[in-house]
Amino acid sequence: MAPHAGFDTDQIKEKLKKDLLYLLEGVRGKKNLVIEKDLAGPIGIFVKFSTLQDYGVDKVFLLENGNADVSQRNVVFIARGECARQAQSIADHIKRMQRESQTGHEFSVFWVPRRTLVTEKILEEAGVLGDTNIAEFPLYFLPLEQDLLSLELDDSFADLYLRKDPTPIFLLARALMLIQQKNGLFPRITGKGDNAKKLADLLARMRREAIAGEDSNESNKLGLTPSTTIESLIVIDREVDYTTPLLTQLTYEGLIDEVVGIQNNQAEVDSSIVGAAPQPPPGSSKAVGAAPAQAKKRKILLDSSDKLYHQLRDANFAIVGGLLNKVAKRLQTDYESRHGTKNTAELREFVNKLPGYQAEQQSLKIHTGLAEEITRHTRTDQFSRLLEVQQNLAAGADPASQHDSIEELVARDAPLIDVLRILCLESCISGGIKPRELENFKKMILQAYGYQHILTLDALEKLQLLLSRTSPMATMIPMSGGGVHTGTKTNYTYLRKALRLIVDEVNEQDPNDIAYVYSGYAPLSVRLVQCILQKQYLTSITRGGHANNAGVVTGGAAQGWRGFEEAVKHVRGQTFDEMQKGEDKAVKARALLTGSGDKKTVLVVFVGGITFTEIAALRFIAKKEEARKQIVICTTSIISGNKMMDAAIEKGSFGKNSI
């Protein structure tokens, strides 16, 4: 999705860089930088180490390592202001440095994205608040791609659904408010889910506060009138569709995340798979917080600056081998063309292209290695068994028929994460697991993996991922006319047909529906977005048509949920569709100043996290809509089934040290 004049994510990246360098410039002289580990990756996306050196940074340390030295008089800490643990760690660092050093130090703390009362209270109680200069570094949305903004809050899923901490919603609202202040109000806010509604309410409250606090001059009023470049904001709460992230992702980028893991556009891969990292020339730009190069692991950048990755990332993994083969053949043909050069002009042209060929060759080597590693993983019996059970459950097979396969996985000592994902998937799709069978599975898990997982099973219940069918929280929203009995869980049985979640004839080479990302299952969360953006297409395939011959004609966000009200009722959580209006004079002024281009931006926000497959599906929609709309995806973090399980799994164990 190409950037569009109406909304450019590069501007956000530039502003972050300027803000950070401005803060560093305020600390005179040489300085050491101590960064919270979770912020090192995000900061490395928009600023390089060589740039920090130009602004006086001598060494970079990670806060969690506790090894910051006293070689410089100035010490700058960068940490999240929402986290009390980090404030305590900073206080301990400052006290230790004051003890160890004879010279007086100047300490500065940049809280991300804002200072909080709790963190300042902790520094005050530790007796170091008077020794520190406090500032805010407003790092909200981080542009991971031209069409993807993330808060990169790794704990947002656990915070929202396990600990019931609404902080990520507040930070998301602040980030969206900054977009509104620059581009104008979102003319329409449509969404689904309880947390999505909380976000919409918070945006309305922040707007009222901004109006109450602003001056009466016209330029300020202009910032709070409906935008002429943004068409609407669509908000989806993660808990309306837990099933999608629990399924194994089948796009190339999704499978890299499942097998290796992607963090802040980087994957840490064994160098035996992708080859050793090229040695950088002395003094070159190393990433912020990068560890010294280790022989065994290599960090690989995975973003659209790599043209080959840009081409492969959203494709179904089944066709990646063929695509890599084509690129290899083309490169070989281009390289062989040097033998056909007849004069010096042609030879010079070839030499000029050589760096591009070499970069492509290196990229091809990396992705061939990664694809081979993923293939090794996907060809195991265990992966095939897991995928078969998942796809049977998604297609509506009787859950009891899959239990033998799940029991066999436990007996074969399959990773606990895989077993829990399947059980949670069954619970979410079927409205809980029968009590006797659930007790049996719990007993098997505790005996096979350890009794500390009593806490894991309890956390999964709190997350409402693993429930007994008798639990009131597991009851599904009933079919229309199904009596007075009410439920709260998304009814996949009804939606499977109403929104055509299962598409049998998927063309993975040339996809015609978003279902290609899971080889036949269309993510419910993205189908909900289609209910707003692609009404005619969705109507044609849900009422007897085929994905192959359905013309993609938009309904447009201007009509909200119209036409799909009944289907949306069977999805868990609140449904809303709100308009935001401004003063007539200010609206006309904004239209004159900014103009209203034909192509408008739609922001699609996922509260609680989004998977790479859902991003691929949204990009597929964006490609169909690119003549009329630009779609920008916003989220609290990138998530996967493994990360969801990780939030619940108990890391400690009983009695191992005593043996």
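Residues numbered from 1 in each chain as written. Predicted model: local features only at pLDDT ≥ 70, side-chain atom pairs only at ≥ 80, totals over all residues. Heavy atoms only, no water.

Per an unreviewed UniProt entry, the protein chain carries the name Sec1 family protein and comes from Venustampulla echinocandica. Taken from UniProt, the Sequence similarities (unreviewed entry) comment for the protein chain reads in full: "Belongs to the STXBP/unc-18/SEC1 family." (UniProt positions renumbered as here; feature names shortened; annotations may be inferred.)

*Asks:* Please set out a nonpolar patch on the surface residue by residue, giving values where relevant.
*Replies:* Side chains of Tyr451, Ile454 and Phe654 sit close together on the surface and give an oily, nonpolar patch of about 360 Å² of accessible area. Mapped onto the secondary structure, isoleucine 454 falls in helix 20 (residues 453–462). (Patch = residues over 30% accessible without salt bridge, like charges linked within 9 Å, V, L, I, M, F, W, Y side chains within 5 Å. Areas by Shrake-Rupley, 256 points an atom, 1.4 Å probe, with all protein chains shown as cover. Salt bridge = Lys/Arg side-chain N within 4 Å of Asp/Glu carboxyl O. Helix = DSSP H or I, 4+ residues; strand = E, 2+ residues; numbered from the N terminus.)

*Asks:* Describe the pairing of strand 15 (residues 629–635), listing the residues and the values that go with them.
*Replies:* The element strand 15 is extensively covered by neighbouring structure, given that seven of its seven residues are classed as buried. Because side chains alternate across strand 15, one face comprises the buried residues Lys629, Ile631, Ile633 and Thr635, and the other comprises Gln630, Val632 and Cys634, equally buried. Across three bridges, strand 7 (residues 148–150) lies against strand 15 in parallel orientation. Its bridge partner lying in strand 15, leucine 148 is registered against isoleucine 633. Two strands pair when backbone bridges link them, and strand 14 (residues 600–607) and strand 15 are joined in this way by seven bridges, in the parallel orientation. (Buried < 20%, exposed > 50% of the residue type's maximum accessible area, 1.4 Å probe, protein only. Pairing = 2+ DSSP bridges.)

*Asks:* Run through the packing of helix 4 (residues 84–100) against helix 5 (residues 117–125), naming residues and quoting values.
*Replies:* Two elements in contact, helix 4 and helix 5, have axes separated by 9 Å at closest approach and are oriented at 25°. Our classification of the angle between helix 4 and helix 5 gives roughly parallel. Seen from above, helix 4 lies across helix 5 with right-handed handedness. The segment helix 4 lies against helix 5, with Ala84, Ala87, Gln88, Ile90 and Ala91 engaging Val118, Thr119, Ile122 and Leu123. Its residues placed into classes, the contact of helix 4 with helix 5 shows seven nonpolar, two polar and no charged. (Axes fitted to C-alpha atoms, helices over the stretch in contact; angles between N-to-C directions. Parallel < 35°, antiparallel > 145°, perpendicular 65-115°, else oblique. Left-handed = near helix turned anticlockwise from the far one by under 90°. Contact = heavy atoms within 4.5 Å. Nonpolar A, V, L, I, M, F, W, Y, C, P; charged D, E, K, R; others polar.)

*Asks:* With reference to specific residues and values, describe the sheet that holds strand 1 (residues 31–35).
*Replies:* In spatial order, the strands read 2-1-3-4-5; together these five strands make up an open sheet with parallel pairing. At either end of the open sheet lies a strand with only one pairing partner, and these are strand 2 (57–62) and strand 5 (132–136). Pairs of neighbouring strands in the sheet enclose a mean axial angle of 20°, with direction left out of account. In this structure, strand 4 (residues 106–112) lies alongside strand 5, joined through five bridges in parallel fashion. Residue serine 108 lies in a different strand from strand 5, and its bridge partner there is asparagine 133.

*Asks:* For a negative patch on the surface, give the residues involved together with the corresponding values.
*Replies:* Together, Asp38, Glu64, Asp154 and Asp155 give the surface a local cluster of negative charge. Mapped onto the elements, glutamate 64 comes out in the loop between strand 2 and strand 3 (74–80). Judged by relative accessible area, which is 39%, glutamate 64 ranks as partly exposed. (Lys, Arg positive; Asp, Glu negative; His and termini not counted. Charge placed at Lys NZ, Arg CZ, Asp CG, Glu CD.)

*Asks:* An account of the packing of aromatic side chains is needed here, citing residue identities and associated values.
*Replies:* What the rule picks out here adds up to nine aromatic pairs. A ring pair is formed by tyrosine 252 and phenylalanine 317, whose centres lie 6.3 Å apart and whose planes are at 10°; its orientation type is stacked. One end of the pair, tyrosine 252, is in helix 11 (residues 252–259); the other, phenylalanine 317, is in the loop between helix 13 (307–312) and helix 14 (320–336), with 65 residues separating them in the sequence. Across this residue pair, the class does not change: tyrosine 252 and phenylalanine 317 are buried. Across from the ring centre of phenylalanine 576, 5.7 Å away, lies the NZ or CZ of lysine 197, which sits over that ring. (Phe/Tyr/Trp six-rings, centres within 6.5 Å; stacked < 30°, edge-to-face > 60°. Lys NZ or Arg CZ within 6 Å of the ring centre and 35° of its normal.)

*Asks:* I'd like a description of helix 20, backed by residues and values.
*Replies:* Within helix 20, the full set of buried residues consists of His453, Thr456, Leu457, Ala459 and Leu460. Down the axis of helix 20, the sector holding all buried residues measures 160°, keeping them to one side. Buried residues along helix 20 sit against helix 18 (416–430), helix 19 (435–449) and helix 27 (641–648). (Arc of directions from axis to C-beta.)

*Asks:* Explain empty space enclosed by the protein to me, using residue names and the numbers behind them.
*Replies:* One pass over the structure, following the stated rule, counts four cavities of 30 Å³ or more. Of the voids in this model, the largest cavity is the one considered here, and its volume is about 70 Å³. Residue composition of the lining of the largest cavity, by class: four nonpolar, two polar and four charged. There is about 40 Å³ of room inside the second largest cavity. Along the walls of the second largest cavity sit Arg80, Pro113, Leu139, Tyr140, Leu151, Leu153 and Leu171, which together make up its complete lining. Class assignment of the residues belonging to the lining of the second largest cavity gives a composition of six nonpolar, no polar and one charged. Both of domain 1 (9–139) and domain 2 (144–241 + 569–642) provide at least three residues apiece to the lining of the second largest cavity. (1 Å grid on protein atoms, 1.4 Å probe; cavity = no way out; pocket = protein on both sides within 12 Å on 5 of 7 lines; lining within 4 Å. Points joined across faces, edges and corners; volume = space filled by probe spheres on them. Domains from an automatic or database assignment.)

*Asks:* Can you break down the sheet that holds strand 6 (residues 142–145) residue by residue, with the values?
*Replies:* A sheet is described by the order of its strands in space; here seven strands give the open sequence 6-7-15-14-9-8-13, paired in mixed fashion. Edge positions in the sheet fall to strand 6 and strand 13 (575–579), since each has one partner strand and no second. Neighbour-to-neighbour, the strand axes of this sheet turn through a mean angle of 20°, independent of strand direction. Across three bridges, the pairing between strand 6 and strand 7 is antiparallel. Looking across to strand 7, one finds that leucine 142 is bridged to serine 150. Across the sheet, helix 26 (residues 612–625) lies against strand 6, strand 7, strand 14 and strand 15, angled at about 165° from strand 15, the strand it touches most.

*Asks:* Describe the packing of helix 22 (residues 524–533) against helix 23 (residues 535–542), and please don't skip the residues or the numbers.
*Replies:* With their axes 6 Å apart at the nearest point, helix 22 and helix 23 run at an angle of 115° to one another. Contacts between helix 22 and helix 23 involve Arg527, Gln530, Cys531, Ile532 and Leu533 from the first element and Lys535, Tyr537, Leu538 and Ile541 from the second.

*Asks:* I'd love a proper account of helix 16 (residues 381–394), names of residues and values included.
*Replies:* Between the first and last C-alpha of helix 16 there are 20 Å, a value that for 14 residues agrees with the 20 Å anticipated at 1.5 Å per step. Of all the residues in helix 16, the buried ones are Phe383, Leu386, Leu387, Val389, Gln390, Leu393 and Ala394. Taken end-on, helix 16 shows its buried residues confined to a sector of 165°, consistent with a single buried face. One or two positions beyond helix 16, positive phi appears at glycine 396, with a value near 100°. (Expected span 1.5 Å × (residues − 1).)

*Asks:* Explain the state of the cysteines to me, using residue names and the numbers behind them.
*Replies:* Chemically, a disulfide is nothing more than a covalent bond linking the sulfur atoms of two cysteines. Following the criterion strictly, the structure yields zero disulfides and no others. In this structure cysteine 424 is a free cysteine whose sulfur lies 6.4 Å from that of cysteine 428, the closest cysteine sulfur available. (Disulfide = S-S within 2.5 Å.)

*Asks:* Give a description of the confidence of the model for the protein chain that names residues and reports values.
*Replies:* Of all residues in the protein chain, 85% attain a pLDDT of 70 or more, and the chain-wide mean is 87. Confidence drops under pLDDT 50 across residues 282–286; counting only partners more than four residues distant or on other chains, this segment forms four contacts. Long-range and interchain partners of residues 481–485, a stretch whose pLDDT sits below 50, account for two contacts in this model, where long-range means more than four residues apart. (pLDDT = per-residue confidence, 0-100.)

*Asks:* Pulling in residues and values, what's your account of unusual backbone geometry?
*Replies:* The linkage connecting valine 112 with the following residue, proline 113, adopts the cis geometry, with an omega of -10°. Its location among the elements puts proline 113 in the loop between strand 4 and helix 5. Even without being glycine, glutamine 464 reaches a positive phi, approximately 60°. Mapped onto the fold, glutamine 464 is located in the loop between helix 20 and helix 21 (492–498). Overall, the relative accessible area of 14% leaves glutamine 464 in the buried class. With a phi angle near 50°, serine 519 is a residue other than glycine that sits in the positive phi range. Among the structural elements, serine 519 can be located in the loop between helix 21 and helix 22.

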